[in-house]
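Chain by chain, the residues:
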Amino acid sequence: MRSLRTGSSLAALVTGAALLFTAPAAHAADSPLRDLAAARGKVIGTAVTGAKLTGTYGDIAGSQFSSLTPGNAMKWGTVEPTQGSFNWTEADQIVAFAQAHNQQVRGHTLVWHNQNPSWLTNGSWTPTQLSGLLQNHISTEVGRYKGKIAAWDVVNEPFNEDGTYRSTLWYDNLGADYIANALTWAHAADPGAKLYINDYNVEGVGAKSTALYNLVKDLKSRGVPIDGVGLQAHLVLGQVPATLQQNIQRFADLGVDVAITELDVRMALPADSAKLAQQAADFKSVVAACAAVTRCAGVTVWGFTDSDSWVPSTFPGYGAATPYDENYAPKPAYFGIAQALGGTTTTPPPPTGACSATYSVTSQWNTGFTGQVTIACSGASLSSWKANWTFGAGQKITQSWNATCAQSGTAVSCANAPYNGSVPDGSSVSFGFNGSWSGSNPVPTVTLG
Ligand code: XIL
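Residues numbered from 1 in each chain as written. Predicted model: local features only at pLDDT ≥ 70, side-chain atom pairs only at ≥ 80, totals over all residues. Heavy atoms only, no water.

Q: Got a minute to help me understand the overall build of the chain in this structure?
A: When you go through the chain residue by residue, the secondary structure sums to 13 helices and 18 strands. For the chain, the spread of C-alpha atoms along the principal axes amounts to about 90 × 45 × 40 Å. Sorting the 449 residues of the chain into buried and exposed places 51% on the buried side. Counted over contacts in the chain with a minimum sequence separation of 6, partners at least 24 positions apart contribute 75%. Element-wise, carbon and sulfur atoms account for 51% of the exposed surface of the chain, whose accessible area totals about 17800 Å². Averaged over its 25 positive side-chain charges, the chain has a centre that lies 5 Å from the centre of its 29 negative ones. (Helix = DSSP H or I, 4+ residues; strand = E, 2+ residues; numbered from the N terminus. Buried < 20%, exposed > 50% of the residue type's maximum accessible area, 1.4 Å probe, protein only. Contact = heavy atoms within 4.5 Å. Areas by Shrake-Rupley, 256 points an atom, 1.4 Å probe, with all protein chains shown as cover. Lys, Arg positive; Asp, Glu negative; His and termini not counted. Charge placed at Lys NZ, Arg CZ, Asp CG, Glu CD.)

Right, dumping it as structure tokens:
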């Protein structure tokens, strides 16, 4: 039996080699997200991969977003893979792209326990040496981009879930003051950049966010330069914390800015229209929570397209976590963001009837012919399929491959083979057959069912 995961209408009628293909309605909102955000005094950003900033990816990154965060390009392991030997290529490229498109850059990140160079993590250092290395790293990187970075995620992910400090190279060797020192060194290198502490699972009020709150309060009381907190917001479908806005507000009341820095909303694959609608609601509520608090600077999504998301490789079985699909079509989530920013474009209706079948005769001789049927999905997917048609001139199937075909009179029904029932969104499968004919060999209409 077929099972269509999105939409309901399956009629897919194709004749000859002509492709009748119903693409889902996918029109971006009238105003780019960055204009909608600017009208509300907010920034809308995306993480980017430098090498991809051309073509459609570059067009969307440049036109829809007012801020870029290098996804990996500014991490220590990227910029200094060998001690004393620097590679700024991708970071420079992203900064140049941002400047050319009148965008901010969010620097990410200076002090973290991940993606550090092995010379650093494998070395044995005294606390004094380690502190010197960290100061030098911060001074070098922040200094290089002085005046070009709106905000730095100076310290990334310093807390455990229970609000205690995470055991890291930094904490274990330098104590909690590595945080104050990092902020102080960053401020010295670029007094104009906003300095943030960034973490995940701190979106709602809880032990971890309260630890962050108490740290920020303490830093401020000591005169340490801290300008903001980054709430990463790597969320699971349907799990936007109810206390998000309240949490943003309490940091704002403390006198710091807040940014949603790495928003994505992952779902168990495959995506379907109900999940995509929930995801739109989730994106909308996160952006709305930021929009509601004056000191919330803006929202950055962690990759704008599902083809450039860390989710599938990090959370097996999950994906579809960003506002654009893998083919750069805006998803309902895109419209959720737009609506939270005051946009009026409504979410496109969930795609229906978006799997179709193409019948073609690939070769023909005096009494026989070879045919092929291709089943393609866009905006929908199949987990199994049957392609049905009626021969109009007495043709008979004699053999098939990549499908099991049965003919009764003029009616043909071909079911998927065990290995090709799945037709994910954006892909296609084909099967072939030989048949006999006489007189004429008209192309039938194929229906999926
Ligand atoms: C991720 C990148 O997106 C991946 O490409 C990389 O392999 C691992 O890091 N929190 C952060 C980001 O602060 O730097 C992480 O980025 C995602 C989690």
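Q: How should helix α2 (residues 55–64) be read in this particular structure?
A: Working note: α-helix, 3.6 residues per turn, so residues spaced by three or four point in the same direction. Listed as buried for α2 are Tyr57, Gly58, Ile60, Ala61, Gly62 and Gln64. In the core, the buried residues of α2 are packed alongside α1 (33–39), β1 (43–48), β2 (67–70), α4 (89–100) and α13 (332–340).

Q: So what exactly am I meant to see when it comes to the sheet that holds strand β12 (residues 368–377) here?
A: What links the strands of a sheet is backbone hydrogen bonding, and the strands pair in either a parallel or an antiparallel sense. Within the open sheet, the four strands sit side by side as β11-β12-β17-β14. Their pairing is antiparallel. Two strands in the sheet have a free side with no partner beyond their single neighbour: β11 (355–364) and β14 (396–401). Within this sheet the neighbouring strands show an average axis-to-axis angle of 25°, counted without direction. Inspection of the sheet shows β11 paired to β12 by nine bridges, in the antiparallel sense. Following the sheet pairing, serine 360 is matched in β12 by glutamine 372. (Pairing = 2+ DSSP bridges. Axes fitted to C-alpha atoms, helices over the stretch in contact; angles between N-to-C directions.)

Q: Which parts of the structure should I look at to understand the site of the ligand?
A: As a structural note, the neighbourhood of the ligand is formed by Asn72, Lys75, His108, Trp112, Gln115, Asn156, Glu157, Gln232, His234, Glu262, Trp302 and Trp310. Here lysine 75 contributes a side-chain N or O atom positioned 2.7 Å from an oxygen atom of the ligand. Interatomic distance of 2.9 Å between a side-chain N/O atom of asparagine 156 and an oxygen atom of the ligand. Its free accessible area being 410 Å², the ligand has 75% of it covered by the protein chains. Here the residues of the shell around the ligand sort into three nonpolar, six polar and three charged. (Near = heavy atom within 4 Å. Polar contact = N/O pair within 3.5 Å; in protein donor to acceptor, adjacent residues only side chain to side chain. Nonpolar A, V, L, I, M, F, W, Y, C, P; charged D, E, K, R; others polar.)

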